[in-house]
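Residue-level structure breakdown
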Protein chains: 2
Amino acid sequence: MIRVLIADDHHVVRRGLIVFLKTQKDFEVVGEAKNGLEAVELVETLQPDIVLMDLVMPEMDGIQATKRIKSKWPTIEVLMLTSFSDKDHVLPAIEAGAAGYQLKDIEPDELVNSIRKIMRGENIIHPAATTTLQEKIQEDKNLPHIQNPLTPREQDVLAELTKGKSNREIASSLFVTEKTVKTHISNIFNKLNVQDRTQAALYAVKHNLTEGSESGV
Amino acid sequence: MIRVLIADDHHVVRRGLIVFLKTQKDFEVVGEAKNGLEAVELVETLQPDIVLMDLVMPEMDGIQATKRIKSKWPTIEVLMLTSFSDKDHVLPAIEAGAAGYQLKDIEPDELVNSIRKIMRGENIIHPAATTTLQEKIQEDKNLPHIQNPLTPREQDVLAELTKGKSNREIASSLFVTEKTVKTHISNIFNKLNVQDRTQAALYAVKHNLTEGSESGV
DNA sequence: TTACATTTCAGACAAAAGTATGAGTTACCA
DNA sequence: TGGTAACTCATACTTTTGTCTGAAATGTAA
């Protein structure tokens, strides 16, 4: 059961989404928010799996709301659902931590599909928005939850980390000091957009970044 | 590729195992140890995925070696391979942290099968040894890596933990103080036989203890 | 050859995480 | 009704983690 929170200032939009998602047996709309602030509050109490977030809303816009949500509850996914596909709207959304970006003209089936993909750990960008993203990616590579630019050494560290090892153990395995491991690990967290080693390990497992090794706890 | 270390004081046994495992394309025997002490040392340098460990060996027996290995490298699995199926031999092995216990009369195919299962996170006990285990389980439930006695509340905490949350976040989600969360978490670690939250999260994911929720990083 | 990325390491902190121990509460079982 | 398990919380620590800043060595691509 995927628990969905809808955040949109237009009543019609919320109605439409709810009606449609109700036809999906494994979806449950746990709440509705009329603006970004309400969205953050409801996320806190309801702890949904995913938030369908409108970009433009009163009180607090979708970007701000997404930032707050992702910083407090990094595991809760946000799918930006809006009607703008230009650079100025897409990029901030992705940078804020949204796992996906879809235009509101999306087909219902496609929407459900997108949500499922996100829950599986994939990132979804509407084709129209992708092109504008591609350009930016060249200039600014700091969007690692889209593209993963871990260096070889960082991948080594992450692999060890994903075996449940401590910094000291990783250092010993890779024949470097604990300081070095800490440096790598900090960089990994930034690139993966996670806050700590547990999230990094879960991310690696979920996204199958653990190609090298096969053991686990 | 599953990297195997063989620890047995009988040369013939080692030969036999090696020859057989060589026929398996995804197995690699990375080393052989003639006693427990050597096994521990080789584990340190070779970092295998799994150790096939004889119970009775000179220098250091399989139980001791397993204890040391599991305490230092909890992610490395140990399959006890021996010829005793009585209580006094089986229980210490399991308590030492062995993921499996098989008699030496095991069919080669069955052995490979067991190893694969262990790598998948399952625990393997030879039928003959299972019955003696069953009895003991009633008396002594402190064998959590076999049977998981997490209380409901501990399961709640573990579920939150497996979303990548910090203690503070878990506390807020479950409406208790951080102190309480720490208590639960310490207990969980003991029961799961892991050292920290990352290992616990990986354990939960691997062993599918995350029934309740579906989200991740 | 300059510029940049990668890898290594250090010092100094701040912030979490974990452990140990004790204790009060409820709830249920024998 | 006494014992026990589960849940809660606290105090007092120790140990790890993680961040920031700075820096040196290496290799490589423009």
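Residues numbered from 1 in each chain as written. Chains lettered and ligands numbered in written order. Predicted model: local features only at pLDDT ≥ 70, side-chain atom pairs only at ≥ 80, totals over all residues. Heavy atoms only, no water.

1. Describing the interface of chain A and chain B
Definition in use: Contact between two residues is taken to exist if any of their heavy atoms lie within 4.5 Å; hydrogens are not considered. Buried surface area refers to the total accessible area, computed with a probe of radius 1.4 Å, that the two partners give up upon joining, counted for both partners together. Each salt bridge in this description consists of a side-chain nitrogen of Lys or Arg and a carboxyl oxygen of Asp or Glu lying within 4 Å of one another. Polar contact is defined as a pair of N or O atoms within 3.5 Å, subject to the rule that within protein one atom must be able to donate a hydrogen and the other to accept it, and that residues adjacent in sequence are counted only when both atoms are side-chain atoms. Numbered from the N terminus, helices here are DSSP runs of H or I no shorter than four residues, and strands are runs of E no shorter than two.
Contact with chain A, which involves 31 residues of that partner, is made by 29 residues of chain B. In total, about 2,600 Å² of surface goes out of reach between chain A and chain B, with carbon and sulfur atoms giving 54% of it. There are zero salt bridges connecting chain A and chain B. The interface formed by chain A and chain B includes five residue pairs in polar contact (both at pLDDT 80 or more). At the level of elements, α3 (62-72) and α10 (197-206) of chain A are the ones that each hand at least two residues to the side of chain A that touches chain B. Element by element, the count of residues in the side of chain A that touches chain B is highest for α10 of chain A, at eight residues.

2. Structural notes on the pattern of salt bridges
Residue and element names in this part refer to chain A. Going by this rule: Summary of the burial criterion: residues with accessible area below 20% of their type's maximum are buried, those above 50% are exposed, and those between are partly exposed, where the area comes from a 1.4 Å probe applied to protein chains only.
Under the counting rule described, the total for this entry stands at 20 salt bridges over all chains. For R168, the salt bridge identified is with E178, shortest N-O distance 3.8 Å. Here R168 is found in helix α8 (residues 167-174), whereas its partner E178 is found in helix α9 (residues 178-192), with 10 residues between them in sequence. Look at R168 and you get exposed, because its relative accessible area is 62%. Residue classification places E178 among the partly exposed positions, given a relative accessible area of 32%. Within the structure, one salt-bridge network assembled from shared partners comprises R14, R15 and E32.

3. Quick notes on the UniProt feature "modified residue: 4-aspartylphosphate" (unreviewed entry) in chain A
All names here are of chain A. Which entries qualify depends on this criterion: UniProt positions are given in the numbering used here, feature names are shortened, and annotations may be inferred rather than shown by experiment.
The sites that UniProt annotates as "modified residue: 4-aspartylphosphate" (unreviewed entry) are D54. Note on placement: D54 falls in the loop between β3 (50-53) and α3. The exposure class assigned to D54 is buried, which follows from its relative accessible area of 4%. When near neighbours in sequence (up to four residues on either side) are disregarded, D54 contacts A7, D8, D9, G62, M80, L81, T82 and K104.

4. Structural notes on the protein's contact with DNA strand D
Quick reminder of the rule: We call a residue near a molecule or strand when any one of its heavy atoms sits within 4 Å of it. Each residue is assigned to one of three groups, with Ala, Val, Leu, Ile, Met, Phe, Trp, Tyr, Cys and Pro labelled nonpolar, Asp, Glu, Lys and Arg labelled charged, and all others, Gly among them, labelled polar.
Around DNA strand D, the structure places 17 residues, and the nearest of them are S186 and R197 of chain A together with T151, K179 and H184 of chain B. Interatomic distance of 3.0 Å between a side-chain N/O atom of R168 of chain A and a phosphate oxygen of DNA strand D. Interatomic distance of 2.8 Å between a side-chain N/O atom of H184 of chain B and a phosphate oxygen of DNA strand D. Mapped onto the surface near DNA strand D, the elements with two or more residues apiece are α8 and α9 of chain A together with α7 (152-161) and α9 (178-192) of chain B. Considering each element in turn, the surface near DNA strand D owes the most residues, four residues, to α9 of chain B. Grouping the constituent residues of the surface near DNA strand D by class yields three nonpolar, eight polar and six charged.

5. Structural notes on the protein's contact with DNA strand C
Lining the immediate surroundings of DNA strand C are 17 residues, of which T151, T177 and H184 of chain A together with S186 and R197 of chain B lie closest. Counting only atoms of DNA strand C within 4 Å of the protein, the sugar-phosphate share comes to 65%. The side chain of R153 of chain A places a nitrogen or oxygen atom 3.0 Å from a phosphate oxygen of DNA strand C. Contacts to DNA strand C include K182 of chain B, whose side-chain N or O atom sits 2.9 Å from a base oxygen. The dominant element in the surface near DNA strand C, judged by the number of residues it contributes, is α9 of chain A, at four residues.

6. Some words on helix α1 (residues 11-22) of chain B
Where we set the bar: How far a helix is expected to stretch is found by multiplying one less than its residue total by 1.5 Å.
Given a rise of 1.5 Å per residue, 12 residues ought to cover 16 Å, and the 16 Å separating the end C-alpha atoms of α1 of chain B matches this to within 8%. Buried residues along α1 of chain B sit in contact with β1 (2-7), β2 (27-33), β3 (50-53), β4 (77-82) and α5 (108-119) of chain B.

7. A word on the side chain of Q24 of chain B
Mapped onto the fold, Q24 of chain B is located in the loop between α1 and β2. Setting aside residues up to four positions removed in sequence, Q24 of chain B forms contacts with V112 and R116 of chain B.

8. Section: α5 of chain B
Note on helix geometry: an α-helix contains 3.6 residues per turn, so any two residues three or four positions apart are oriented the same way. Residue and element names in this part refer to chain B. Where we set the bar: Taken from the helix axis, the directions to the C-beta atoms give the arc we talk about.
Between the first and last C-alpha of α5 there are 17 Å, a value that for 12 residues agrees with the 16 Å anticipated at 1.5 Å per step. Along α5, the residues classified as buried are L111, V112, S114, I115, I118 and M119. Down the axis of α5, the buried set is contained in an arc of 155°. They therefore lie on one face.

9. Some details on the relation of the copies chain A and chain B
The condition is simple: Alignment of the copies relies on least squares applied to C-alpha atoms, considering only residues that score at least 70 for pLDDT in both.
Superposing chain A onto chain B takes a rotation of 179° plus a shift of 0.2 Å along the axis, which leaves an RMSD of 0.3 Å. One copy is carried onto the other by what is essentially a two-fold rotation axis. Closest approach to the rotation axis within chain A is made by the C-alpha atom of T198 of chain A, at a distance of 2.4 Å. Residue by residue, 87% of the interface of chain A is reproduced at the interface of chain B, so both copies engage with the same surface.

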